[in-house]
Amino acid sequence: MSNVIRLRKGLDLRLKGAAEQRKLQVTPQSLYALVPDDFVGVVPRVLVHEGDHVLAGEPLFANKQCPEVTFASPVSGTVKAIVRGERRKVLCVQVEADKQQQWKDFGRKDVAQLDAGQVKAALLEAGLFGYIDQLPYAVSTTPDTQPKAIFVSALRDKPLAADFQYELQGQEADFLTGLAALAKVAKVHLGVGSLQANLLSSIQQQLPQGVDVTVFDGPCPAGNVGVQVNHLDPVNKGEVVWTVDPTAVLFFGRLFGTGRVNLSRTVALCGSEVSSPAYADMLVGQQLTPLLMNGAVSEADVREGKVRIIRGNVLTGCPCRPDDFLGAHESEVTVIPEGNHADELLGWIMPRTQQFSVSRSYFSWLSPKKLFRPDARIKGGERHIIMSGEYDSVLPMDIYGEYLIKAIITGDIDRQEQLGIYEVSPEDFALAEFVDSSKLELQRIVRQGLDTLRKENA
């Protein structure tokens, strides 16, 4: 029987445009790109030159601060461009894919016969180790860290989030192999949702030794790995835990089972402005154009700036263009109205029923099951922090969110440590940012605080 942790703080946003459980057939274009910024904390050193030919699984760039951590090409092909921005920052490495794909063979491995060092070495050799993150600092980890535990959250409960149960179908063996490999390094905590009965039943009887399953019953953000760490094994100063996206566990399982790097993931095309929301199988680094421009999204709306395309979900994703590339950790591509063409009579004073309000300012609270169509407007300007307990109502962690944000803004490192900054990541404050009447960019503030703390402790 799995442990059950019930959470009451949080907020489930019911939005229009959830993906239906069916697959779109997406014809990929030939251009792929791996983006270093997808791996937080990594300073890239490019290992290839324009015109070089690479196999799928061969490295494109490495972490300059830890050269043994490399990042593998998702496809075989010719390096088309190394795109740089200001101060020659590497924005992405583009690869023109071969018509006939070729893979670098790393050899199949029996995980049961490997030790922790051999598991790390295999992931490093294949350029997959960088998909493992860590707390504190919420950055891509390095092999010299020794985690006290590894956390995998299979519960995706953000608005319009892709259902991992659906992605897992037919890949249970790879998932179990990936979990078994991680369990060689440290104890693995697998977090699932109370409604994920199918996922539990498909793996419960075959769980590898060293993997514990915990059921989290509660509203968003119960699926945040930081929330799960906070309730199971909090991080203190000097301690490290690894956090792994469940799709990355599939990447690891495929590597050990086939000897090849396969960065395919199931992505939800969702949002109120998508004509027929559904799923699609795509590779990390694949261009989004064929997914978006097949009639799913109005080209006129995109051209006129009436919609916002988001890589990721509406709470933590980033705006993008149709010709951008799928990120390394993204399971959704969301399309919502921009809101710049909205024309509302009397503005906020109307007792509107079509817009969501946490504070019951609108009559929409009388319809708790209603699906809403949000847009990208902030609806207000930045102002001083109001100590009203707004953050705490949606933050199911044993920390004082408002006081932690104030400590980060003022640069009080001692206070930040006392208030639990080592346990949090920016996504933990996504809902707090949504309900914040002060309109502060809380995720950006937390990211800056973590980066500053990391430099101070280096």
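In the block above lies the structure referred to throughout.
Residues numbered from 1 in each chain as written. Predicted model: local features only at pLDDT ≥ 70, side-chain atom pairs only at ≥ 80, totals over all residues. Heavy atoms only, no water.

**Student:** Pulling in residues and values, what's your account of the packing of aromatic side chains?
**Tutor:** Summed over the entire model, instances satisfying the criterion amount to 11 aromatic pairs. Aromatic side chains F61 and F71 sit 5.0 Å apart centroid to centroid with 25° between the ring planes, which places their arrangement in the stacked category. Taken together, the residues span a long stretch of sequence, with F61 in strand β6 (residues 59-63) and F71 in strand β7 (residues 66-72) at a distance of 10 residues. Of the two residues examined, F61 and F71, each falls in the buried class. Relative to Y279, the ring of Y166 lies with its centre 4.7 Å away and its plane at 50°, an arrangement referred to as tilted. Here Y279 lies in strand β17 (residues 278-283) and Y166 lies in helix α2 (residues 164-168), a separation of 113 residues in the sequence. The residues Y166 and Y279 share a single accessibility class, namely buried. Members of the aromatic cluster, joined through ring pairs, are F39, F61, F71, Y131 and F251. (Phe/Tyr/Trp six-rings, centres within 6.5 Å; stacked < 30°, edge-to-face > 60°. Helix = DSSP H or I, 4+ residues; strand = E, 2+ residues; numbered from the N terminus. Buried < 20%, exposed > 50% of the residue type's maximum accessible area, 1.4 Å probe, protein only.)

**Student:** Describe in detail the nonpolar core, supporting the description with residues and values.
**Tutor:** Counting 69 residues, the largest nonpolar core has L128, Y131, L190 and F252 as its most contacted members. Once residues lying within four places of it in the same chain are set aside, the contact partners of F252 are L123, L128, Y131, I132, G178, L182 and V244. L7, A138, A430 and L431 belong to the second-largest nonpolar core, a separate cluster that totals 48 residues. (Core = buried A, V, L, I, M, F, W, Y, C linked by side-chain atoms within 4.5 Å. Contact = heavy atoms within 4.5 Å.)

**Student:** Break down helix α3 (residues 172-183) for me, citing the residues and quoting the values.
**Tutor:** Along its 12 residues, α3 runs 16 Å from first to last C-alpha, staying within 8% of the 16 Å computed at 1.5 Å per residue. Of the residues making up α3, those classed as buried are F175, L176, G178, L179, A180, A181, L182 and A183. (Expected span 1.5 Å × (residues − 1).)

**Student:** Can you tell me about the environment of V241, naming the residues and giving the values?
**Tutor:** Tracing the sequence through the fold places V241 in strand β15 (residues 241-244). With relative accessibility at 0%, the residue V241 sits in the buried group. For V241, the residues in contact, after removing those within four places along its chain, are D133, Q134, L135, P147, K148, A149, F151, V229 and V235.

**Student:** Pulling in residues and values, what's your account of the pattern of salt bridges?
**Tutor:** Per the stated rule, a full pass over the model turns up 23 salt bridges. Here D281 ties to K23 by a salt bridge, and the two come within 3.1 Å at their closest N and O atoms. Of this pair, D281 sits in strand β17 while K23 sits in strand β2 (residues 23-24), placing them 258 residues apart in sequence. Since its relative accessible area comes to 36%, K23 is described here as partly exposed. (Salt bridge = Lys/Arg side-chain N within 4 Å of Asp/Glu carboxyl O.)

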